[in-house]
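Residue-level structural notes
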Amino acid sequence: LALGDPIGAANDVEAFILAFQNFCAHNRWQACFYLVQPDHLDVYRSLGFNTMSVGQEAVVDLDVITLRGRAGKKFRNAINRLTRLEHTVDIYEPPLSDALFAELKTVSDEWLSKRIGSEVRFSVGWFHEEYVRHSTIAVVRSPNGQITAFANIVLDHQHKRIALDLMRHRYGIENLTMDFLFVSLLDWARQNGYETFSLGFSPLSGIGEKPQDSFIEKALRLLYENISRFPNLKGLYAFKDKFHPQWETRYMVYPGAAHLPRIVMALMRAHYGR
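A brief look at the structure comes next. (Residues numbered from 1 in each chain as written. Predicted model: local features only at pLDDT ≥ 70, side-chain atom pairs only at ≥ 80, totals over all residues. Heavy atoms only, no water.)

**Side note on helix α4 (residues 98-113)**
Here α4 contains 16 residues, and its C-alpha end-to-end distance of 22 Å stays within 8% of the 22 Å for a straight helix at 1.5 Å per residue. Every buried residue belonging to α4 is among Leu 100, Phe 101, Leu 104, Val 107, Ser 108 and Trp 111, and all of these are buried. Viewed end-on, α4 has its buried residues packed into an arc of 125°, placing them on one side of the element. For α4, the exposed residues set more than 90 degrees away from the buried face come down to Asp 98, Ala 99 and Ser 113. Looking at the buried positions of α4, the neighbouring elements they touch are β4 (88-92), α5 (129-133), β5 (136-141), β6 (147-156) and β7 (161-169). (Helix = DSSP H or I, 4+ residues; strand = E, 2+ residues; numbered from the N terminus. Expected span 1.5 Å × (residues − 1). Buried < 20%, exposed > 50% of the residue type's maximum accessible area, 1.4 Å probe, protein only. Arc of directions from axis to C-beta. Contact = heavy atoms within 4.5 Å.)

**Comments concerning the packing of helix α3 (residues 73-84) against helix α6 (residues 177-191)**
For the pair α3 and α6, interaxial distance at closest approach is 9 Å and the crossing angle is 110°. Taken as axis vectors, α3 and α6 run roughly perpendicular relative to one another. Facing Phe 75, Ala 78, Ile 79, Leu 82 and Thr 83 of α3, the residues of α6 in contact are Thr 177, Asp 179, Phe 180, Val 183 and Ser 184. Taken together, the residues of the contact of α3 with α6 sort by class into six nonpolar, three polar and one charged. (Axes fitted to C-alpha atoms, helices over the stretch in contact; angles between N-to-C directions. Parallel < 35°, antiparallel > 145°, perpendicular 65-115°, else oblique. Nonpolar A, V, L, I, M, F, W, Y, C, P; charged D, E, K, R; others polar.)

**Observations regarding the pairing of strand β2 (residues 33-36)**
Here two bridges tie strand β1 (residues 2-3) to β2, and the two strands are oriented parallel to one another. Counted as the bridge partner of Leu 3 is Tyr 34 from β2. Here three bridges tie β2 to strand β9 (residues 246-254), and the two strands are oriented antiparallel to one another. Paired with Val 36 across the strands is Tyr 251, a residue of β9. (Pairing = 2+ DSSP bridges.)

**Quick word on α6**
For α6, which comprises 15 residues, the first-to-last C-alpha distance of 21 Å matches the rise-based estimate of 21 Å (1.5 Å per residue) to within 8%. By the criterion of burial, α6 is predominantly enclosed, with 12 of the 15 residues buried. Positive phi appears at Gly 193, one or two residues downstream of α6, with a value of about 90°.

**Observations concerning the nonpolar core**
Ranked by internal contacts, the top residues of the largest apolar core, which has 28 residues, are Val 60, Leu 62, Leu 181, Leu 185, Phe 197 and Phe 243. Secondary-structure elements contributing two or more residues to this core are β3 (50-61), α3, β5, β6, β7, α6 and β8 (196-203). Of the residues forming this core, the biggest block, nine residues, is contributed by α6. If near-sequence neighbours (up to four positions away) are discounted, Val 60 is found in contact with Ile 65, Leu 186, Glu 195, Thr 196, Phe 197, Leu 199, Phe 243 and Pro 245. (Core = buried A, V, L, I, M, F, W, Y, C linked by side-chain atoms within 4.5 Å.)

**What to know about the sheet that holds β7**
Strand pairing in a sheet is mediated by backbone hydrogen bonds. Such pairs are either parallel or antiparallel. Taken in spatial order, the nine strands of this open sheet run β1-β2-β9-β3-β8-β7-β6-β5-β4, and their pairing is mixed. Across the chains shown, the open sheet's two edge strands, defined by having one partner strand only, are β1 and β4. Both β5 and β6 contribute to a ladder of six bridges, which runs antiparallel. Within β6, the position partnered with Val 139 by the bridge is Phe 150. Against the sheet, α4 makes contact with β4, β5, β6 and β7, and its axis sits at roughly 105° relative to β6, the strand it touches most. Along the sheet, helix α9 (residues 260-272) makes contact with β2, β3 and β9, crossing β9 at roughly 115°.

**Brief notes about the side chain of Lys 240**
Counting through the fold element by element, Lys 240 comes out in helix α8 (residues 231-241). Although Lys 240 is buried, it forms no salt bridge, and the closest oppositely charged side chain is Glu 57 at an N-O distance of 8.5 Å. Setting aside residues no more than four positions away along its own chain, Lys 240 makes contact with Ala 58, Leu 199, Gly 200, Phe 201, Ser 202, Pro 245 and Trp 247. (Lys, Arg positive; Asp, Glu negative; His and termini not counted. Salt bridge = Lys/Arg side-chain N within 4 Å of Asp/Glu carboxyl O.)

**Digging into the side chain of Arg 250**
Mapped onto the elements of the fold, Arg 250 is located in strand β9. The exposure class assigned to Arg 250 is buried, which follows from its relative accessible area of 5%. Polar side-chain contacts of Arg 250 include one of 2.9 Å to the side chain of Glu 57. Among residues more than four places away in sequence, those in contact with Arg 250 are Leu 35, Val 36, Gln 37, Pro 38, Met 52, Ser 53, Val 54, Gly 55, Gln 56, Glu 57 and Phe 201. (Polar contact = N/O pair within 3.5 Å; in protein donor to acceptor, adjacent residues only side chain to side chain.)

Right, here's the structure in full:
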């Protein structure tokens, strides 16, 4: 499994894909690329791969989003309510102190204790000490100074992009706390010269909606709409959608439908362990 597209000059993409495919074949593996962007789909297809959409990434244009007018009312409500209650958002640059890391771990442990199953990995960050300590972190603090929620961000100075990765919160927190955190982060990113902010990937969103979509994508859409385990995915999509992002489709590139059961198992193992 490769996460995303090859990184390098556009003219070298085909060579990179072939090199990875040959490396896999030498080890008797099948190559699969997960969460690729649409830019090079024609290259993958020309090399014999199949493609299918697996969801969408929410990308906010920081020049467009606003706290003004009717569109920004719900954001102003979050800011005003939490500010009035004396909650604050603080941004910490790496490396993080031992005391701050310990606070973040307490929040993360509480969040994980309420989840079913192990922590998701592979396509998103996880609470690994080396990673967290060297990340830029935004935290929400209650009036007594306790951290109630946090998120880490990944910075791309060259392309003026910023992305949200890990986010955790305590249970029983004030209503609109996460809105308060997100709006504060968006405002901080804009003030620091960034142009776009990725709120992350929403699995299965937007797939199987077009007439030309494959049978597999339409089947996944049916599951997404009807299986009881998916309300959390819908809630994640709804939360991100209120920030009016551009929804960009992400794809899986795979060797053929016959391999899909093994690919699903491989993705599960990559995300959740053996």
